[in-house]
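Here is how the chains run, residue by residue.
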Amino acid sequence: MDAAFVISIAIAFISGAMLTCQIGMNAQMRLLTGSPMWAAVISFVVGLAALLAVIVGMRQPAPTMQGLASAPWWAWCAGLMGAFYVAASAQLAAKLGATSLTALVVAGQILASLVIDHFNWFGFADHPVSLARLLGAGLLVVGVVLVLKY
């Protein structure tokens with residue numbers, strides 16, 4: 001394994017850990033605001049401010065209107081899915097707990113990923129469903145059941 005691949009694995013792992021922290025933070029904000037929607041808005045405003053600061057700090061040029069106009073319609077829906085995730089996790093965290101909620105989110109990601117990779121949707125490379133991938137996803141689902149039950 002080359003160093004870039006190892007770094008990519010580490011960043012992905014840390015991102016997953018941070019998502020779990022984000023669930024708890026958004027759940028706390030939901031309690032303080034009384035609304036999962038306001039918790040999500042606050043999360044996105046803070047995230048937007050952070051991203052804008054990074055863009056300015058890195059001196060990244062703004063996207064062109066031509067580039068934005070050429071984006072497929074579904075690419076514009078990513079923010080809607082992010083908003084749904086943040087609001088849903090803020091609402092469900094207290095009911096399900098961090099472990100159960102995270103297990104269910106990861107299971108949803110894995111099962112959706114199998115379909116997305118198989119049909120190479122959203123610009124992903126073609127990775128057909130295989131017996132090994134189905135087995136891995138099945139084991140994950142078994143893990144989710146165990147987490148939920150115990």
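A few points on the structure. Every value quoted in this text rests on a predicted model; they were computed, and no experiment measured them.

1. Things to note about the overall build of the chain
Here is step 1: Scanning the chain from N- to C-terminus turns up five helices and zero strands.
Here is step 2: In sequence order, the secondary structure elements of the chain are arranged as α-α-α-α-α.
Here is step 3: A principal-axis box enclosing the C-alpha atoms of the chain has dimensions of 45 × 45 × 35 Å.
Here is step 4: Within the chain, counting contacts between residues at least 6 apart in sequence, those at least 24 apart form 57% of the total.
Here is step 5: Accessible area of the chain: about 10900 Å², with a carbon and sulfur share of 77%.

2. Overview of unusual backbone geometry
Here is step 1: A positive phi angle, near 55°, is found at Arg59, a position not held by glycine.
Here is step 2: Here Arg59 is to be found in the loop between helix H2 (36–58) and helix H3 (65–69).
Here is step 3: For Phe122, which is not a glycine, the phi torsion comes out positive at approximately 60°.
Here is step 4: Within the secondary structure layout, Phe122 lies in the loop between helix H4 (78–118) and helix H5 (131–149).

3. Regarding the pattern of salt bridges
Here is step 1: In this structure the tally under the stated criterion is one salt bridge.
Here is step 2: Measuring nitrogen to oxygen at the nearest pair gives 3.2 Å for the salt bridge that ties Asp117 to Arg133. Taken as a pair, Asp117 in helix H4 and Arg133 in helix H5 lie far apart in primary sequence, 16 residues in all.

4. What to know about the packing of aromatic side chains
Here is step 1: For the structure shown, the criterion picks out three aromatic pairs.
Here is step 2: With a centroid separation of 5.1 Å and an interplanar angle of 70°, the aromatic rings of Trp74 and Phe122 are classed as edge-to-face. Highlighted residues: Trp74 in the loop between H3 and H4 and Phe122 in the loop between H4 and H5, separated in sequence by 48 residues.
Here is step 3: Taking the relative accessible area as the measure of exposure, Trp74 reaches 33% and is therefore partly exposed.

5. Here's the deal with the packing of helix H1 (residues 3–33) against H4
Here is step 1: It is at 8 Å that the axes of H1 and H4 come closest, and there the two elements cross at 115°. Of the two elements, H1 crosses H4, and the hand of that crossing is left-handed. Between H1, through Leu19, Thr20, Gln22, Ile23, Asn26, Ala27 and Arg30, and H4, the contact on the second element is made entirely by Tyr85, Val86, Ser89, Ala90, Gln91, Ala93, Ala94, Ala98, Leu101 and Thr102.
Here is step 2: Taken together, the residues that form the contact of H1 with H4 break down as ten nonpolar, six polar and one charged.

6. As for the side chain of Arg30
Here is step 1: Mapping Arg30 onto the fold places it in helix H1.
Here is step 2: Asp117 provides the closest opposite charge to the buried, salt-bridge-free Arg30, at an N-O distance of 32 Å.
Here is step 3: Discounting chain neighbours no more than four positions away, the residues touching Arg30 are Ser35, Pro36, Ala39, Ala90, Gln91 and Ala94.

7. A short note on the side chain of Ser43
Here is step 1: Checked against the element boundaries, Ser43 lands in helix H2.
Here is step 2: Given a relative accessible area of 18%, Ser43 falls into the buried group.
Here is step 3: Excluding residues within four positions of it along the chain, Ser43 makes contact with Gln22, Asn26 and Val86.

8. So, H4
Here is step 1: End to end, H4 covers just 20 Å across 41 residues, shorter than the expected 60 Å (1.5 Å per residue, more than 12% under).
Here is step 2: Of all bends in H4, the biggest is about 110°, found at Gly97.
Here is step 3: All of the buried residues in H4 are Val86, Ala87, Ser89, Ala90, Ala93, Ser100, Leu101, Ala103, Ala107, Leu114, Ile116 and Asp117.
Here is step 4: Downstream of H4 by one or two residues, Asn120 has phi in the positive range, about 40°.

The rules we used
Note that residues are indexed from 1 along each chain, following the sequence as it is written. Whole-chain, interface and lining totals are the exception, using all residues; otherwise, since this is a predicted model, local features are given only for residues with pLDDT of at least 70 and side-chain atom pairs are given and counted only at 80 or more. The side-chain values count all of the structure's non-hydrogen atoms but skip hydrogen atoms and water molecules. Secondary structure elements follow DSSP: runs of H or I no shorter than four residues count as helices, runs of E no shorter than two count as strands, and numbering proceeds from the N terminus. Contact criterion: two residues are considered in contact whenever any of their non-hydrogen atoms come within 4.5 Å of each other. With residues, only the protein chains shown are counted as cover, and all accessible areas are computed by Shrake-Rupley using a 1.4 Å probe. Criterion for a salt bridge: a side-chain nitrogen of Lys or Arg within 4 Å of a carboxyl oxygen of Asp or Glu. In this analysis, rings of Phe, Tyr and Trp, with Trp reduced to its six-membered ring, are considered paired at centre separations within 6.5 Å, and the interplanar angle assigns stacked below 30 degrees, edge-to-face beyond 60, and tilted for intermediate values. Any residue under 20% of the maximum accessible area for its type is buried, any over 50% is exposed, and the rest in between are partly exposed; the area is computed with a 1.4 Å probe on protein chains only. Whenever a helix is involved, its axis is fitted only over the stretch in contact; in every case the axis is a line through C-alpha atoms, and angles between N-to-C directions fall within 0 to 180 degrees. A clockwise turn of the near helix away from the far one marks a right-handed crossing, whereas an anticlockwise turn of less than a right angle marks a left-handed crossing. The residue classification treats Ala, Val, Leu, Ile, Met, Phe, Trp, Tyr, Cys and Pro as nonpolar and Asp, Glu, Lys and Arg as charged. All others, Gly included, are polar. The charge count includes Lys and Arg as positive and Asp and Glu as negative, but it does not include His or the ends of the chains. A helix's residues, less one, multiplied by 1.5 Å, set its expected span. Bend, in this description, refers to the angle at a residue between axes fitted to the seven residues ending there and the seven starting there.

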